[in-house]
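# Geometric and topological summary
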Amino acid sequence: MYEKLRPWTEIESCRCKTVTGLVLIDLLTDNPIHCASCRGEIDPERLQLTENEVESIVRWHSVASALYRLWLDSGEYEHYAKEKLLDPRGQINQQAQELAIAMSLRLPTRFWYFHDTEDGDPIRCPVCGNQLDAAVEWGVGICRPCHVQM
């Protein structure tokens with residue numbers, strides 16, 4: 001079951017001795033589970049994820065990845081994909097938030113909330129509107145109550 005999320009290369013793997021947090025993010029690989037500190041992929045077996053957890057992550061990631069790739073393609077679906085990726089009440093972000101909350105029972109987990117760098121760096125959480133905490137290892141900020149990282 002872990003093969004569905006297993007990193008394909010050791011180069012991108014987390015080498016941290018202890019994982020203290022997770023970020024669910026599509027970095028154009030098969031594994032959206034990344035270390036909150038180093039940004040490296042984390043093998044799901046290392047976390048001892050259940051089959052249910054793996055399947056939930058795979059389902060979310062397949063749709064999130066499809067939307068992200070449609071946006072990257074810059075074709076006729078770019079606007080549609082961006083709209084869906086930015087919608088805090090949309091299916092993709094609701095599922096990501098639910099996964100992050102559930103995974104936080106293991107380790108503090110956030111999900112990467114899409115933003116288009118051409119629109120500038122966000123300063124507010126797209127879910128609650130509060131100011132993002134800019135004290136992050138990577139990205140522009142986090143909202144801990146909403147489990148959001150940008």
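So, here is what we can say about the structure in this document. Owing to the predicted nature of the structure, the values given are computational and were not obtained by experimental measurement.

Quick look at the side chain of S65 now. Tracing the sequence through the fold places S65 in helix α2 (residues 51–73). There is a polar contact of 3.3 Å between the side chain of S65 and the side chain of D26.

Before going further, it helps to examine the packing of α2 against helix α3 (residues 78–86). Packing of α2 against α3 brings their axes to within 7 Å, and their N-to-C directions diverge by 135°. Taken as axis vectors, α2 and α3 run oblique relative to one another. As α2 packs across α3, the resulting crossing turns out to be left-handed. Residues A64, L67, Y68, L70 and W71 of α2 form the contact with α3, whose participating residues are E78, Y80, A81, K82, K84 and L85. Looking at the contact of α2 with α3 residue by residue, the class counts come to eight nonpolar, no polar and three charged.

Moving on, we come to the nonpolar core. As a rule of thumb, soluble globular proteins bury nonpolar side chains together. The biggest cluster of nonpolar side chains holds 34 residues, and the ones touching the most others in it are L22, I33, I42, L49 and V148. Non-local contacts of L22, meaning those with residues more than four positions away in its chain, are made with I33, H34, A36, I42, L47, M103, L107, P108, T109 and R110.

A surface patch of nonpolar side chains, amounting to about 300 Å² of accessible area, comprises L70, Y77 and Y80. One can find Y77 in the loop between α2 and α3.

Once that is clear, we can look at the environment of V54. Within the secondary structure, V54 sits in helix α2. The buried category is assigned to V54, whose relative accessible area is 0%. For the pair V54 and E3, spaced 51 residues apart in the sequence, the C-alpha separation amounts to 9.6 Å. Contacts of V54, omitting those with residues within four sequence positions, involve M1, Y2, L5 and L49.

For helix α4 (residues 91–103), spanning 13 residues, the distance from its first C-alpha to its last is 18 Å, which sits close to the expected 18 Å at 1.5 Å a residue. Residues of α4 that are buried include every one of I92, N93, A96, Q97, L99, A100 and M103, and no others. Buried residues of α4, seen end-on, are gathered within an arc of 160° and therefore sit on one face of the element. Summarising the geometry of α4, the exposed residues directed more than 90 degrees from the buried face are Q91 and E98. Buried residues belonging to α4 abut β1 (22–24), α2, α3 and β3 (109–112).

Definitions and limits used
Residues numbered from 1 in each chain as written. Predicted model: local features only at pLDDT ≥ 70, side-chain atom pairs only at ≥ 80, totals over all residues. Heavy atoms only, no water. Helix = DSSP H or I, 4+ residues; strand = E, 2+ residues; numbered from the N terminus. Polar contact = N/O pair within 3.5 Å; in protein donor to acceptor, adjacent residues only side chain to side chain. Axes fitted to C-alpha atoms, helices over the stretch in contact; angles between N-to-C directions. Parallel < 35°, antiparallel > 145°, perpendicular 65-115°, else oblique. Left-handed = near helix turned anticlockwise from the far one by under 90°. Contact = heavy atoms within 4.5 Å. Nonpolar A, V, L, I, M, F, W, Y, C, P; charged D, E, K, R; others polar. Core = buried A, V, L, I, M, F, W, Y, C linked by side-chain atoms within 4.5 Å. Buried < 20%, exposed > 50% of the residue type's maximum accessible area, 1.4 Å probe, protein only. Patch = residues over 30% accessible without salt bridge, like charges linked within 9 Å, V, L, I, M, F, W, Y side chains within 5 Å. Areas by Shrake-Rupley, 256 points an atom, 1.4 Å probe, with all protein chains shown as cover. Salt bridge = Lys/Arg side-chain N within 4 Å of Asp/Glu carboxyl O. Expected span 1.5 Å × (residues − 1). Arc of directions from axis to C-beta.

Fair warning: the whole summary comes from geometry, so function is off the table for now.
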